[in-house]
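These are the residues of each chain, in order.
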Amino acid sequence: MKYQYLAERSRKELVKVTCPADLLPLLKRYQEYEQEAFIAVSLDGGHQVTNVRLITIGILNRTLIHPREIFVGAIQDRAAALILCHNHPSGNPEPSREDREITGQLVEAGKLLSIPVLDHIIITKDREYYSFLETGEI
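Conventions adopted
- Residues numbered from 1 in each chain as written.
- Predicted model: local features only at pLDDT ≥ 70, side-chain atom pairs only at ≥ 80, totals over all residues.
- Heavy atoms only, no water.
- Core = buried A, V, L, I, M, F, W, Y, C linked by side-chain atoms within 4.5 Å.
- Buried < 20%, exposed > 50% of the residue type's maximum accessible area, 1.4 Å probe, protein only.
- Helix = DSSP H or I, 4+ residues; strand = E, 2+ residues; numbered from the N terminus.
- pLDDT = per-residue confidence, 0-100.
- Contact = heavy atoms within 4.5 Å.
- Pairing = 2+ DSSP bridges.

### Focus on the nonpolar core
Item 1. Among the nonpolar cores identified, the biggest contains 19 residues, and Leu 23, Leu 27, Tyr 30, Ile 39, Val 41 and Val 49 are the most heavily contacted of them.
Item 2. Breaking this core down by element, the ones donating at least two residues are α1 (24–31), β2 (37–43), β3 (49–57), β4 (81–87) and β5 (117–123).
Item 3. Ranked by size, the runner-up nonpolar core spans 15 residues in total, among them Ile 55, Phe 71, Ala 79 and Leu 82.

### Considerations on the confidence of the model for the protein chain
Item 1. Residues of the protein chain with pLDDT of at least 70 account for 87%, and the chain-wide mean is 87.
Item 2. Per-element mean pLDDT across the protein chain ranges from 42 in strand β1 (residues 4–5) up to 97 in β5.
Item 3. Contacts of residues 1–12 to residues separated by more than four positions or lying in other chains number 24 contacts, the stretch itself having pLDDT below 50.

### Some thoughts on the pairing of β5
Item 1. Along β5, 6 of the 7 residues are buried, which leaves the element largely enclosed by surrounding structure.
Item 2. Relative to β5, β4 is paired through 6 bridges, and the arrangement is parallel. Looking at the pairing, His 86 lines up with Ile 122 of β5.
Item 3. Pairing of β5 with strand β6 (residues 129–131) involves 3 bridges; the strand directions are antiparallel. When the bridges of β6 are listed, Ile 123 appears paired with Tyr 129.
Item 4. Turn length for the β5-β6 hairpin, with the two strands adjacent in sequence and antiparallel, is 5 residues, and the turn residue Arg 127 shows positive phi of about 70°.

Below, the structure written as structure tokens:
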């Protein structure tokens, strides 16, 4: 099984990310997942989406994540930056303590690799989302 797909548009029509809402159409397919899915979005130097990778699918309310799995794809993509995303099947977009902890770890790993994590977005099937950037947590 291949865990990646090129952003749903051709390279001639790359999606430029200026705010979290710009990514929501690309993440729509993950809103309906019954289990938590963790996604990494690679961006080029102009903050255009170059790849959207499904990193892992967990159980109903959690998934296991390690920086190694997140950043190997970003390195392969030669990403200038990353935006992280996962869904909350419960419908509540508020981050858990674990969500905040892993976000902090991934932000620090990104600093070490010079691939900054610009945001972590939590999405729900009700089209709600929570952005760590918008709330000042990143």
